[in-house]
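# Architecture and fold: a report
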Amino acid sequence: MKLHTENITKALDHLLQNVKMDCHSCSLKEVCAEVDQLHQSELGMKD
């Protein structure tokens, strides 16, 4: 769990450091996809 949390934190930090990043070449796509999925699940729960 700790490593998973660290990966999410690294992905968010990477986004903030590199606002003009190219998602196709990023090594953190898997983490971003999971965060997006969690976000979509949260939005679905609010409906």
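Preceding block: the structure.
For clarity, every value in this text was computed on a predicted model and none was experimentally measured.

Counting its secondary structure elements, the protein contains two helices and zero strands. Split into buried and exposed, the 47 residues of the protein put 9% on the buried side. For the protein, the exposed surface amounts to about 4,300 Å²; the carbon and sulfur share of it is 58%.

When you line up the elements, Glu 34 lands in helix 2 (residues 29-46). Exposure remark for Glu 34: the relative accessible area of 30% places this residue in the partly exposed category. Each C-alpha atom, one on Glu 34 and one on Ile 8, is 9.0 Å from the other, the two residues being 26 residues apart in sequence.

Calculation criteria
Chains are numbered independently. Their residues run from 1 in the order of the written sequence. Local features in a predicted model are, by the rule used here, given only for residues with pLDDT of at least 70; side-chain atom pairs are given and counted only at 80 or more, and totals for whole chains, interfaces and linings are based on all residues. Side-chain metrics in this entry use all non-hydrogen atoms of the structure; hydrogen atoms and water are not considered. For helices the rule is a DSSP run of H or I covering at least 4 residues; for strands it is a run of E covering at least 2, with both sets numbered from the N terminus onward. When accessible area is computed with a 1.4 Å probe and restricted to protein chains, residues below 20% of their type maximum are described as buried, those above 50% as exposed, and intermediate ones as partly exposed. Accessible areas in this description were obtained via Shrake-Rupley with a 1.4 Å probe; residue shielding takes into account the shown protein chains only.

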